[in-house]
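Observations on chain architecture
Here is what each chain is made of, one letter per residue.
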Amino acid sequence: ENIGAFIQAVLRKAFPSSFWGSKHNYDQVVKTMKVYLNLRRAEAFPEKAIVSGIRVLDIKWLHPQRDSRKRSRSDHESATVLVRNVMRWLYCHFINPILRATFYITETEFSGTRVLYYRRPVWMRIRNSSLDMLLLKEQYREMSCAKARRLLSCHNIGCPPAPLRILPKKTGIRAVAMLSKTCDIDDSVHKRTKLLPPNKVMQSTFNALRYEYEKKPALFGAGVLGLTEVYPSFCSFAEALKQLQTKLGSSPDLFFTSADIKHCYDTINQKRLFKLMRSMVEEEMYLTKDKFVLCSKGDNSAMRCMWKKKTCPPEKFSSSTPSKFAGQYS
């Protein structure tokens, strides 16, 4: 409510009453704006919603002619398009920049998908104290630009740095490395260069590990590659439980527990992890082939293109027969 009242006051001071055309239009824009501010994370706001309820004919400056002739349908549609463009500009180039400049908008672990608005000075204090705490606990180390460039130049993979996101929670903060994005190393000597995000750089490594996982799933224990693999594992567990119940003649007691490892990813022994993963990788080289498959659901349906990846050792690529890829074009 406070954020909505703030934006409402800004709109009242920045635009004259003739800009809205009528009090009804102004009230409708304020109502829609408050709905926009209460959107949850990843919720969409359709473009037609920003012009919903607005009376186009009340906005006189859209109609330069002053006669009382009845306007045609095409004139009304043109005015509606102009109103939609004005409202799009209002949200994208006026309201959003004000929100970004005044508040830091983020979801938290205790609010779910509901976003919270932190005033910039308050968020700066939270961020600075959080970074001091991370450095004090030695979860992160401060590094100069020169040292970062030297490490990247000597690294055989060249994985670039990722931006750090501070996510508030009830007992403090959670530092989240955004591996889907990258941040440039900027100093007075070197120019800024565009780097690939870490997830893109590590994609080939993930494809190789996925090949080993599909070949020997038992090596990865209870680990799964996604939520789609949870249900088959649960079905196997339920079937084994039914067999045990039939064998014993009674239902065994079940105990469920939930545990959380404190600073799990921050305290992993990287050298030990590298040795463990190296023992699972049996090949010296892997090749990943990108291919697309053209298919249709029926005789009259349109063709669809599905991209697929296949990773395996080089010798398996050479032993692939053409009949395996019949009907596929790459």
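Note that the structure is predicted; figures quoted are calculated from it, not measured.

1. Looking at the overall build of the protein
Of the regular secondary structure elements, the protein holds eleven helices and six strands. Taken over 330 residues, the protein has a buried fraction of 21%. The contacts in the protein between residues at least 6 apart in sequence include a share of 54% that link residues at least 24 apart. When the accessible surface of the protein is summed, it comes to about 24900 Å², and 56% of that surface belongs to carbon and sulfur atoms.

2. Some points on the nonpolar core
Most often, soluble globular proteins keep nonpolar side chains buried together rather than apart. One finds Ile7, Trp20, Val83, Met87, Leu90 and Ile95 to be the most contacted residues of the largest nonpolar core, which totals 27 residues. No other element matches the nine residues that helix H4 (residues 73-102) contributes to this core. Setting aside residues up to four positions removed in sequence, Ile95 forms contacts with Ile7, Met33 and Leu90. Counting six residues, the second largest nonpolar core, distinct from the first, contains Leu116, Trp123, Leu134 and Ile166.

3. Overview of the layout of surface pockets
A volume near 740 Å³ is recorded for the second largest pocket. Looking at the second largest pocket, it is lined by 27 residues, and the ones nearest its centre are Tyr104, Ile105, Thr106, Glu107 and Arg165. Counting only elements with at least two residues in the lining of the second largest pocket, the list comes to helix H3 (23-37), H4, strand S1 (103-107), strand S2 (115-119), helix H5 (120-136) and strand S3 (164-169). Its residues placed into classes, the lining of the second largest pocket shows 16 nonpolar, two polar and nine charged.

4. Let's talk about the pattern of salt bridges
Using the criterion set out here, one finds twelve salt bridges in the structure. The salt bridge involving Glu282 is made with Lys216; its shortest N-O contact spans 2.4 Å. Of this pair, Glu282 sits in the loop between helix H10 (270-280) and strand S5 (287-295) while Lys216 sits in the loop between helix H8 (203-215) and helix H9 (230-248); the two residues are 66 residues apart in sequence, bridging distant segments of the chain. The exposure class of Glu282 is partly exposed, given its relative accessible area of 46%. Bridged by salt links that share partners, the residues Glu212, Lys215, Lys216 and Glu282 form one connected network.

Conventions adopted
Residues numbered from 1 in each chain as written. Predicted model: local features only at pLDDT ≥ 70, side-chain atom pairs only at ≥ 80, totals over all residues. Heavy atoms only, no water. Helix = DSSP H or I, 4+ residues; strand = E, 2+ residues; numbered from the N terminus. Buried < 20%, exposed > 50% of the residue type's maximum accessible area, 1.4 Å probe, protein only. Contact = heavy atoms within 4.5 Å. Areas by Shrake-Rupley, 256 points an atom, 1.4 Å probe, with all protein chains shown as cover. Core = buried A, V, L, I, M, F, W, Y, C linked by side-chain atoms within 4.5 Å. 1 Å grid on protein atoms, 1.4 Å probe; cavity = no way out; pocket = protein on both sides within 12 Å on 5 of 7 lines; lining within 4 Å. Points joined across faces, edges and corners; volume = space filled by probe spheres on them. Nonpolar A, V, L, I, M, F, W, Y, C, P; charged D, E, K, R; others polar. Salt bridge = Lys/Arg side-chain N within 4 Å of Asp/Glu carboxyl O.

Function-wise, these values are silent; they only describe arrangement.
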